[in-house]
Amino acid sequence: MKIKYISGGICAPTGFSAAATHCGVRPNKKKNDIAIILSDTNADCVSAGLYTTNHVKAAPVQLDIETGRSGHCRAICVNSGIANACAPNGMKHAKEMQEAAAEALGLSPNEVLVGSTGIIGKELNIHRIREGIQVVSANLEHSEDASNEVARAILTTDTFKKELACRMNIGGKTITLGGISKGSGMVHPNMGTTLTYLTTDLAITATMLRQVLKEVCDVTFNRVSIDGEMSTNDSLIILANGLADNDIIDRECKELDQFKEALLDICTKFARMIAKDGEGAKHLVTCTVQGASDEEEAVTLAKSVIRSTLTKTAIFANDANWGRIMVAMGYSNISFNPEHVQIDFISESGQITVCRNGVGVEIDEDYASEILGEDEVTILITIDNGNASATCWGCDITYDYIKLNGSYRK
């Protein structure tokens, strides 16, 4: 299926509008900190969401899990600067935020999902949130600029906005899928990511939408690890309003597979963006394990490698210290024969084998350093347990990671 990337982000699909502004939650007046995404149609908009499995969940996540059970939400209201997690009056303020957005948009509170990101433990200034919602709801637009402003509104330590949209033909109809995402640190998700919001004009049932979202999330966002930390606010939400006028997808079929292909493509791109934008990172690290007995085994091995602090520091230094990779594989609790392991480093500068049959090989250290000096580096690991493979994404760790997180609240 041909997937064409276009501009427009979350406003690219028919019938979606958005807006953002600065309301005062964040001290920097130049940064947007409140935003709304709306399916502004009376059509039957359906929704699906996946959230952090951290036992400590932010109030907006707890509220969204309950609100989202209906599968019929039309709007998302989100703030940055304060996470509203472990915060005084957390649930009270999350509900007030939901109710204020619903009132401003002419919706029921059960049609509105909320999100927050930022500092944990601080009370949300609900008065400023209310004022911001009034401003934002009066300025909703179906435009690329509106999507851009919302994409910037959800950023925290990110160094660039993450915004995509694509178009494809499904069932003889033109379907559009758009999204924004944020994520830089505290990323080691399970059934979610930092904050990612997706919109589409596809006609699909809420049940099938959640099914395909879960399947795609498992092989994209759930395969990212920046620092081994899992946020209290991780949320992945999709709204589908059906305005593309395709025959509604209510079962397993070719059209569902086609939509899944597009969703997989855009979510893979977002996952790579998050890994590339790891706090202070200089390298996007892709780890592919092949020859595993099953996919789960390959994922476990790859995640163990990209989480390894020593491996991260070696990549940062452009040092082909493959022994650290072998060690990380060894404590993954996956059984494999170390004598049958091969490790390669790959980048735009070339490919080099540094370990064959479990032992080191003579290499040109300067050439290896050149390969590792590229912005994007792949660690290819081959074992002999079977025919399965999997890819995960991470980044190196630098001095800047300590600086950023040591001064996060300042």
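Above this note sits the structure.
Fair warning: this is a prediction, and the values are worked out from it, not measured in the lab. (Residues numbered from 1 in each chain as written. Predicted model: local features only at pLDDT ≥ 70, side-chain atom pairs only at ≥ 80, totals over all residues. Heavy atoms only, no water.)

A. Geometry of the overall build of the protein chain. Counting its regular elements, the protein chain contains 11 helices and 16 strands. For the protein chain, whose C-alpha radius of gyration is 22 Å, the value lies close to the compact-globule estimate of 22 Å for 410 residues. Residues counted as buried form 57% of the 410 residues belonging to the protein chain. Within the protein chain, residue pairs in contact and separated by at least 24 positions form 80% of the contacts whose partners lie at least 6 positions apart. When the accessible surface of the protein chain is totalled, it reaches about 16800 Å², and 45% of it is carbon and sulfur. In the protein chain, 38 positive and 52 negative side-chain charges are present, and the distance between their average locations comes to 6 Å. (Helix = DSSP H or I, 4+ residues; strand = E, 2+ residues; numbered from the N terminus. Rg over C-alpha atoms; globule rule 2.2 N^0.38 Å. Buried < 20%, exposed > 50% of the residue type's maximum accessible area, 1.4 Å probe, protein only. Contact = heavy atoms within 4.5 Å. Areas by Shrake-Rupley, 256 points an atom, 1.4 Å probe, with all protein chains shown as cover. Lys, Arg positive; Asp, Glu negative; His and termini not counted. Charge placed at Lys NZ, Arg CZ, Asp CG, Glu CD.)

B. Broad picture of the packing of helix α7 (residues 295-307) against helix α9 (residues 323-330). Between α7 and α9, the shortest axis-to-axis distance is 8 Å and the interhelical angle comes to 130 degrees. When the interaxial angle is binned, α7 and α9 end up oblique. Relative to α9, α7 is oriented so that their crossing is right-handed. Touching L301, S304 and V305 of α7 are I325, A328 and M329, all from α9. Of the residues in the contact of α7 with α9, the class split is five nonpolar, one polar and no charged. (Axes fitted to C-alpha atoms, helices over the stretch in contact; angles between N-to-C directions. Parallel < 35°, antiparallel > 145°, perpendicular 65-115°, else oblique. Left-handed = near helix turned anticlockwise from the far one by under 90°. Nonpolar A, V, L, I, M, F, W, Y, C, P; charged D, E, K, R; others polar.)

C. Region of interest: the sheet that holds strand β5 (residues 75-82). If you trace the four strands from one edge of the open sheet to the other, you get β2-β3-β5-β6, paired in mixed fashion. Because the sheet does not close on itself, it has two edges, and the strands there are β2 (16-21) and β6 (112-119). Averaged over all adjacent pairs, the angle separating strand axes in this sheet is 10 degrees, with direction ignored. This element, helix α3 (residues 126-137), spans β2, β3 (34-39) and β5 of the sheet and lies at about 45 degrees to β3. Sheet strands in contact with helix α4 (residues 144-153) are β2, β3 and β5, and its direction is about 50 degrees off that of β2. (Pairing = 2+ DSSP bridges.)

D. Here's a closer look at helix α6 (residues 254-276). Between its first and last C-alpha, α6 extends 33 Å over 23 residues, near the 33 Å set by a 1.5 Å rise per residue. Taken residue by residue, α6 has L256, Q258, F259, A262, L263, I266, C267, F270, A271, M273, I274 and A275 as its buried positions. (Expected span 1.5 Å × (residues − 1).)

E. Structural detail: the side chain of E163. Mapped onto the fold, E163 is located in strand β7 (residues 162-170). For E163, a relative accessible area of 16% corresponds to the buried category. From its side chain, E163 meets the backbone nitrogen of N148 in a polar contact 3.2 Å long. Separated by 2.7 Å, the side chains of E163 and K161 make a polar contact. Excluding residues within four positions of it along the chain, E163 makes contact with G8, G9, E144, S147, N148, A151, G179, I180 and F270. (Polar contact = N/O pair within 3.5 Å; in protein donor to acceptor, adjacent residues only side chain to side chain.)

F. Highlighting the pattern of salt bridges. One pass over the full model with this rule turns up 13 salt bridges. A salt bridge links D158 to K162; its shortest N-O distance comes to 2.7 Å. Across the pair, K162 and D158 agree in class, each one buried. Notably, a salt bridge pairs D250 with R251, separated by 3.9 Å at the nearest N-O pair. Here the salt bridges do not stand alone but share partners, grouping K92, E96 and R130 into one network. (Salt bridge = Lys/Arg side-chain N within 4 Å of Asp/Glu carboxyl O.)

G. Structural context of the nonpolar core. Counting 43 residues, the largest nonpolar core has L177, I204, I238, F259 and L263 as its most contacted members. For this core, the secondary structure elements donating two or more residues are β4 (46-51), β7, β8 (173-182), α5 (206-218), β10 (235-240), α6 and β16 (388-395). For L177, the residues in contact, after removing those within four places along its chain, are P13, L164, A165, C166, M168, T199, T200, I238, F259, A262, L263 and I266. Ranked by size, the runner-up nonpolar core spans 34 residues in total, among them A302, V305, I306 and I343. (Core = buried A, V, L, I, M, F, W, Y, C linked by side-chain atoms within 4.5 Å.)

H. Examining the packing of helix α1 (residues 59-67) against helix α2 (residues 90-105) more closely. Two elements in contact, α1 and α2, have axes separated by 8 Å at closest approach and are oriented at 55 degrees. When the interaxial angle is binned, α1 and α2 end up oblique. As α1 packs across α2, the resulting crossing turns out to be right-handed. Residues A59, P60, Q62, L63 and T67 of α1 lie in contact with α2, whose contacting residues are G90, M91, A94, K95 and Q98. Classifying every residue of the contact of α1 with α2 by side-chain character gives five nonpolar, four polar and one charged.

I. Region of the structure containing the sheet that holds β8. Here we have six strands laid out as an open sheet, ordered β1-β7-β8-β9-β10-β4, and mixed in their pairing. Two strands in the sheet have a free side with no partner beyond their single neighbour: β1 (4-5) and β4. By the bridge criterion, two bridges tie β1 to β7 in an arrangement that is antiparallel. Bridging across to β7, Y5 finds its partner in C166. Of the strands in this sheet, β1, β7, β8, β9 (195-200) and β10 are in contact with α6, which crosses β7 at around 165 degrees.

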